[in-house]
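Each chain is listed here by its residues.
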Amino acid sequence: MTDFTPEQDSDDDLYEHYTFTAEKGQQPLRIDKYLMNFIENATRNKIQAAAKNGSIYVNDVPVKSNYKVKPFDVIRVLFEHPPYENLLTPENISLNIVYEDNDLLVVNKDAGMVVHPGHGNYSGTLINALIYHFDNLPNNSSNRPGLVHRIDKDTSGLLVIAKNEETMTHLAKQFFDKTSEREYVAIVWGNMEEDEGTIEGNIGRHPKNRLQNTVFYGDDEDKGKPAVTHYKVLERLGYVTLVSCKLETGRTHQIRVHMKHLGHTLFNDERYGGEKILKGTTFTKYKQFVENCFKILPRQALHAKTLGFTHPKTGKFMRFDSEIPQDMQQCIEKWRHYVKHQEM
């Protein structure tokens, strides 16, 4: 399994921005092409420039951009400056805070806001806003202030933020022990067969497209981490379905990956192919209708609607619910109108 973590390399005053280990089945491939599959927003020119400057190492030896990656090669990208995500700048960005006390706060994040700085997104994130509005937030295990869990950039909805170490530890344990409650609402392609069900499938990085995750099963099961999603149909809208998804685990892209695995990719989820018309007719009018839906909802149709946890100090179970955002609601209404006036 490929892993990449931003850490400081203290031996030579260089900072490690990425590290990858090539799979055992890796075919010979130029390292500039290889890294383009792994690093989001990277261009081939930038990778070639990094190689020219001696910043790309394979098995601790600097290589040029035409180096062919082989199985089990350990690839490291080192620079003289620390990763930008470690250089946090407070930014005066307004937050939609739905609850706050001395120990924690619950935020309703808008779609389009990145939760924490990372490659290509070094400002305008939720963390940049948090460290502006709050002092001395505790770091989680990844050195991210206040963050107990995260949701994707284009997913909207509720997040809990810890204000002190005790709260961080307590909440993190709840998420680990699966005693927290997280419900999402999604629009997915297709008319789901079952009214409700459970998806169990280990999730890990896709071996060919490292910007995606995928489900591993059978002999490959150990390449992923256990993931469980419970789903329930809320409304059938012809060629799409409105579903509720409750998370038992919290893997990256879990609902997006599990729903695609089930054959019901999230509506307008570009990374997983949901921005194409996956179900419906070939009529031009229908195509135009779907394109209009995409314009109204220019992101994956996913909202973190409900969040529940036990308060670390009071011991009281707290549950927060949020409205489905306007872009998703408008898309749902369009499908309702379509179904009403069409013979499916």
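Residues numbered from 1 in each chain as written. Predicted model: local features only at pLDDT ≥ 70, side-chain atom pairs only at ≥ 80, totals over all residues. Heavy atoms only, no water.

K.L.:
Even after reading the chapter, I still don't get the overall build of the protein, so can you show me in this structure?
P.N.:
A tally of regular secondary structure across the protein gives seven helices and 18 strands. Scaling as 2.2 N^0.38, a compact globule of 344 residues should have a C-alpha radius of gyration of about 20 Å, and the protein matches this with 22 Å. The C-alpha extent of the protein, read off along each of the three principal axes, is 65 × 55 × 40 Å. Residue pairs in contact within the protein that sit at least 24 positions apart in sequence constitute 66% of those at least 6 positions apart. Carbon together with sulfur atoms contributes 46% to the accessible area of the protein, which is approximately 18,000 Å² in total. Across the protein, the centroid of the 43 positively charged side chains sits 6 Å from that of the 47 negatively charged ones. (Helix = DSSP H or I, 4+ residues; strand = E, 2+ residues; numbered from the N terminus. Rg over C-alpha atoms; globule rule 2.2 N^0.38 Å. Contact = heavy atoms within 4.5 Å. Areas by Shrake-Rupley, 256 points an atom, 1.4 Å probe, with all protein chains shown as cover. Lys, Arg positive; Asp, Glu negative; His and termini not counted. Charge placed at Lys NZ, Arg CZ, Asp CG, Glu CD.)

K.L.:
Honestly, the pattern of salt bridges in this entry has me stumped. Any pointers?
P.N.:
Opposite charge on two side chains permits pairing when their charged atoms draw close. Throughout the structure, instances matching the rule amount to 17 salt bridges. The salt bridge partner of Asp195 is Arg236, with a shortest N-O separation of 2.7 Å. Here Arg236 lies in strand E15 (residues 228-237) and Asp195 lies in the loop between strand E11 (181-189) and strand E12 (196-200), a separation of 41 residues in the sequence. Of the charged contacts in the structure, one is a salt bridge between Lys305 and Asp321, with a shortest N-O distance of 2.8 Å. Of the two residues, Lys305 is situated in strand E17 (residues 302-310) and Asp321 in strand E18 (residues 317-321); the sequence distance between them amounts to 16 residues. (Salt bridge = Lys/Arg side-chain N within 4 Å of Asp/Glu carboxyl O.)

K.L.:
Whenever I open this one, the environment of Glu165 confuses me. Can you help?
P.N.:
By the element assignment, Glu165 lies in helix H4 (residues 165-177). Sequence separation between Glu165 and Asn37 is 128 residues; the distance between their C-alpha atoms is 37 Å.

K.L.:
When you look at helix H7 (residues 326-340) in this model, what are you seeing that I'm missing?
P.N.:
Each α-helix turn comprises 3.6 residues. Residues three or four places apart therefore point the same way. The end-to-end C-alpha distance of H7, which contains 15 residues, comes to 21 Å, matching closely the 21 Å that a straight helix rising 1.5 Å per residue would cover. Along H7, the positions that sit buried rather than exposed are Asp327, Met328, Cys331, Ile332, Trp335 and Tyr338. Down the axis of H7, the smallest arc covering the buried residues is 135°, so these residues share one side. Exposed and facing more than 90 degrees away from the buried side of H7 are Gln326, His337 and Lys340. Of the surrounding elements, those touching the buried residues of H7 are E11, E15, strand E16 (240-247), helix H6 (284-296) and E17. (Expected span 1.5 Å × (residues − 1). Buried < 20%, exposed > 50% of the residue type's maximum accessible area, 1.4 Å probe, protein only. Arc of directions from axis to C-beta.)

K.L.:
Please clarify how the nonpolar core should be interpreted in this entry.
P.N.:
Nonpolar side chains tend to gather and get buried jointly when the protein is soluble and globular. The biggest cluster of nonpolar side chains holds 31 residues, and the ones touching the most others in it are Leu126, Leu130, Tyr184, Val243, Ile255 and Met259. Listing elements by their share of this core, those giving two or more residues are strand E9 (104-109), helix H3 (126-133), strand E10 (156-162), E11, E15, E16, helix H5 (254-261) and E17. For Ile255, the residues in contact, after removing those within four places along its chain, are Tyr184, Thr229, Cys245, Leu247, Leu266 and Leu302. Listed in part, the 20 residues of the second largest apolar core include Leu237, Leu242, Tyr286 and Ile332. (Core = buried A, V, L, I, M, F, W, Y, C linked by side-chain atoms within 4.5 Å.)

K.L.:
Is there a simple way to explain the pairing of E10 in this structure?
P.N.:
Consecutive side chains of a regular strand alternate in pointing toward one face of the sheet and then the other. Burial within E10 is extensive, with seven of its seven residues counted as buried. Pairing between E10 and E17: two bridges, direction parallel. The residue of E17 that forms the bridge with Ser156 is His303. (Pairing = 2+ DSSP bridges.)

K.L.:
Looking at this structure, I do not really get the pairing of E18. What am I missing?
P.N.:
Here E18 shows one buried face, formed by Met318 and Phe320, and one open face, formed by Phe317, Arg319 and Asp321. As defined by bridge partners, E17 adjoins E18 across five bridges and the pair is classed as antiparallel. Looking across to E18, one finds that Thr306 is bridged to Asp321. The antiparallel pairing of E17 with E18 creates a hairpin that spans six residues between the two strands, and Gly315 there sits at a positive phi of about 75°.

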